[in-house]
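Residue-level structure breakdown
This is what each chain is made of:
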Amino acid sequence: MNRQQIFDVAAVRGIIAERKGMAGAMLPILHGIQEKVGYIPADAVPMIAGELNLSRAEVHGVISFYHFFRQQPPGKHVVQVCRAEACQARGSEALAGQAQDLLGCAFHETSADGQFTLEPVYCLGQCACGPNIMIDDELHARVGADKLQRLVQAKREAT
Amino acid sequence: MSRDAITVYVPRDSTALALGADHVAAAIAAEAGRRGLKVDIVRNGSRGMFWLEPLVEVGTPVGRIGYGPVDAGDVPALFDAGLLGGGDHPLRQGEVDALPYLKNQERLTFARVGITDPLSLEDYLAHEGYAGLTRALAMEPEAIVQTVLDSGLRGRGGAAFPTGIKWKTVAGARAAQKYVVCNADEGDSGTFSDRMVMEDDPFMLIEGMTIAGIAVGATHGYIYVRSEYPHAIATLDEAIAIARRRGYLGDDIQGSGKRFHLEVRKGAGAYICGEETAMLESLEGKRGVVRAKPPLPALEGLFGKPTVINNLISLASVPIILARGAEFYKNYGVGRSAGTLPFQLAGNIKRGGLVEKAFGLTLRELLEDFGGGSESGRPIRAVQMGGPLGAYMPQQQFDTPLDYEAFAAIGAMIGHGGLVVFDDTVDMARQARYAMEFCAVESCGKCTPCRIGSTRGVEVIDKLIANQDRPQQVHLLRSLCDTMVNGSLCAMGGMTPFPVLSALNHFPEDFGTPNEKAA
Ligand SMILES: Cc1cc2nc3c(=O)[nH]c(=O)nc-3n(C[C@H](O)[C@H](O)[C@H](O)COP(=O)(O)O)c2cc1C
Ligand code: SF4
Ligand code: FES
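Described in the following lines is the structure provided in the data block. Since we're looking at a predicted model, the values are computed, not measured. (Residues numbered from 1 in each chain as written. Chains lettered and ligands numbered in written order. Predicted model: local features only at pLDDT ≥ 70, side-chain atom pairs only at ≥ 80, totals over all residues. Heavy atoms only, no water.)

As for the sheet that holds strand β1 (residues 6–9) of chain B
All names here are of chain B. The strand order across the open sheet built from 5 strands is β2-β1-β3-β4-β5, with neighbouring strands paired in mixed fashion. The open sheet terminates on both sides in strands that have one partner only, identified here as β2 (39–42) and β5 (92–95). Ignoring strand direction, the axes of neighbouring strands in this sheet form an average angle of 25°. Where strand β4 (residues 63–67) lies against β5, 3 bridges are found, and the strand directions are antiparallel. Following the sheet pairing, Tyr-67 is matched in β5 by Arg-92. (Pairing = 2+ DSSP bridges. Helix = DSSP H or I, 4+ residues; strand = E, 2+ residues; numbered from the N terminus. Axes fitted to C-alpha atoms, helices over the stretch in contact; angles between N-to-C directions.)

Shown next as structure tokens:
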């Protein structure tokens with residue numbers, strides 16, 4: 001994606017200013033930005049680097065190390081499907097296939113209509129009741145094809 | 001709270017929420033309103049019987065009566081059946097404390113979990129909460145450390161290192177600042193006991209960390225929680241604010257003049273940050289790359305200062321040890337595996353959930369007596385114990401007693417106490433491939449055997465599956481695993497061979513090599 005990234009620069013500056021005094025401020029700053037903007041815009045990197053007295057490469061290195069941080073805006077909703085062992089034992093690989101068909105995109109991608117980003121996750125801590133998914137911050141357990149369809153439909157209709 | 005209101009409990013644990021508990025609570029409130037009945041809805045934690053969640057409990061003169069699993073749509077019929085008086089209904093489970101799954105446990109650390117409102121400090125205090133801290137505040141720090149040492153408590157995060165020895169090292173270090181770090185990264189599939197403590201009894205963790213701080217002379221603590229646990233983070237944040245307001249955290253804990261501050265830090269989706277030194281790097285704001293040891297974190301840990309870094313369950317076990325004494329705790333368990341462990345039954349199992357028992361029972365007892373066999377009804381074929389780095393165990397090993405040494409002797413691991421059950425439809429070659437792939441994705445990249453070896457491992461297993469030169473590939477895979485075991489800096493690369501080789505050794509037919517004998 002090469003489109004112009006527009007984000008609230010003042011808000012990002014505010015987050016950095018508010019958290020830079022924390023011990024080990026980097027992750028709290030990145031979390032703050034991602035919560036606010038939905039991802040870490042490339043233009044935020046030099047801002048963070050300047051305030052924390054680090055090189056841009058160091059900041060970028062941290063962002064790219066962690067799976068949770070995104071460098072591109074996600075779709076309107078983020079669907080995470082657990083693909084770890086306990087969910088595998090309860091059929092999550094089939095669900096992973098169904099999710100790709102239903103959303104029309106592969107893992108780590110966003111659907112063409114910009115509605116959904118599909119991501120794998122390795123354990124949501126609900127391992128007795130898989131397969132489990134998280135949509136935005138909502139957890140759903142024992143998710144089969146029908147339930148997935150209903151949940152996705154509800155999100156589509158809500159928008 | 002009016003005296004004639006009946007108390008109804010609807011869990012707020014995230015598994016219950018994922019199964020619709022909020023809708024059930026709302027439906028109960030609405031239905032009671034419609035009928036002009038007074039209910040007092042308490043959002044308790046989960047009892048850990050997840051096949052019954054959402055488990056609704058009603059307080060009656062003969063104890064708490066449970067109904068589950070309840071769907072919001074069941075609520076009118078439950079009221080018709082006399083829910084508030086403990087009336088009969090197909091979902092009625094009877095008195096919850098008397099259910100065999102619970103009654104046959106030895107809940108020390110999880111004694112309050114599922115019973116109390118996690119964010120009610122009154123509830124906590126009424127159920128032995130802060131009894132441990134009260135005792136600790138009356139002791140010399142050395143005596144606290146000695147109590148933990150005498151209890152036989154070993155780290156519950158995997159390596160099973162004695163907690164008291166770790167604390168003693170930090171207590172003996174001289175520094176202007178020391179830290180306590182709680183490892184709440186819980187990245188292992190099949191584990192959820194840390195999550196349950198954070199969501200269902202957070203004051204217990206706060207109390208345990210406060211005691212640790214006083215014992216070693218640390219005034220600041222961090223709880224590193226994985227980003228996959230938003231509910232746990234929110235509950236902890238609230239509980240910390242309450243504890244601070246009520247003088248259980250801060251500059252003068254309960255008028256003792258002792259100081260302890262606590263902060264939650266959110267991880268960012270990297271499995272390796274569960275490794276203690278990678279966690280310290282992450283807390284310092286860097287990439288989660290493993291540090292070489294020495295220096296030990298106990299001497300040079302967070303920001304270069306002496307640091308206690310313990311698994312969440314290790315820290316959460318401390319309050320009861322202080323409250324009831326080292327002997328009390330040590331009297332549970334076998335040999336050098338003292339106390340209890342919250343085992344977590346996950347995967348393809350009928351009654352998945354949390355079972356806290358003293359060490360020494362067998363895997364089969366957990367799988368059959370508690371778990372009730374597989375959920376699919378098919379034979380259980382393999383169990384992965386101790387997370388993604390743990391071995392796959394076949395039927396023949398299910399009678400192994402749960403004891404750190406007995407497991408180590410067969411090349412398996414108790415680890416965090418999580419077990420993941422697979423029925424006979426599992427393809428063990430695919431599970432072995434997954435283990436290598438997981439290592440390739442999650443490796444911190446510092447050492448070659450792990451970083452490159454895991455990628456090569458995936459390729460070799462692919463060739464095995466595709467039946468290209470099988471004997472040659474098996475030979476290659478074994479030698480690759482050997483290099484990873486011997487050449488890796490941490491257990492990520494060093495233990496990934498455990499699931500891989502155990503799958504190959506115990507289930508050779510899935511690799512198309514039935515004649516290959518276990519090495
Ligand atoms: C790859 C890797 C991941 C780990 N993940 C965790 C984890 O999620 N939680 C945990 O408590 N320990 C984890 N550990 C173990 C920690 O490094 C460390 O031994 C533990 O937190 C020490 O606490 P304890 O002595 O109380 O067990 C992991 C180790 C490795 C090598
Ligand atoms: S074994 Fe893997 S995860 Fe551990 S230090 Fe080496 S590269 Fe990093
Ligand atoms: S393995 Fe899917 S929630 Fe744990």
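Overview of unusual backbone geometry
In this model, Lys-293 of chain B is joined to Pro-294 of chain B through a cis peptide bond whose omega is -5°. Tracing the backbone shows Pro-294 of chain B in the loop between α12 (276–283) and β9 (307–311). Cis geometry marks the peptide bond from Pro-294 of chain B to Pro-295 of chain B; its omega dihedral reads 0°. Residue position: Pro-295 of chain B is located in the loop between α12 and β9. A positive phi angle, near 55°, is found at Asp-136 of chain A, a position not held by glycine. Position of Asp-136 of chain A among the secondary structure elements: in the loop between β4 (133–135) and β5 (138–140).

Observations concerning the interface of chain A and chain B
Taken together, the 38 residues of chain A in the interface contact 59 residues of chain B. Together, the buried faces of chain A and chain B total about 3500 Å²; carbon and sulfur atoms form 57% of this surface. At the boundary of chain A with chain B, the tally comes to 3 salt bridges. For the salt bridge of Arg-90 of chain A with Glu-375 of chain B, the shortest nitrogen-to-oxygen distance reads 2.7 Å. (Contact = heavy atoms within 4.5 Å. Buried area = accessible area lost by both parts, 1.4 Å probe. Salt bridge = Lys/Arg side-chain N within 4 Å of Asp/Glu carboxyl O.)

Considering the site of ligand 2
Near ligand 2 you find 13 residues, and of these Cys-444, Lys-446, Cys-447, Cys-450 and Cys-490 of chain B are the closest. Looking at the shell around ligand 2 residue by residue, the class counts come to 8 nonpolar, 4 polar and 1 charged. (Near = heavy atom within 4 Å. Nonpolar A, V, L, I, M, F, W, Y, C, P; charged D, E, K, R; others polar.)

Some remarks on the site of ligand 1
Residue and element names in this part refer to chain B. Lining the immediate surroundings of ligand 1 are 19 residues, of which Gly-157, Asn-183, Asn-310, Asn-311 and Ser-314 lie closest. Between an oxygen atom of ligand 1 and a main-chain N or O atom of Gly-157, the distance comes to 2.8 Å. Separating an oxygen atom of ligand 1 from a backbone N or O atom of Glu-276 is a distance of 2.9 Å. In isolation ligand 1 exposes 610 Å². Once the protein is present, 92% of that is buried. Elements that contribute at least two residues to the shell around ligand 1 include exactly β9 and α21 (491–495). Here the shell around ligand 1 takes 3 residues from β9, the largest share from any one element. Counted by class, the shell around ligand 1 contains 5 nonpolar, 8 polar and 6 charged residues. (Polar contact = N/O pair within 3.5 Å; in protein donor to acceptor, adjacent residues only side chain to side chain. Areas by Shrake-Rupley, 256 points an atom, 1.4 Å probe, with all protein chains shown as cover.)

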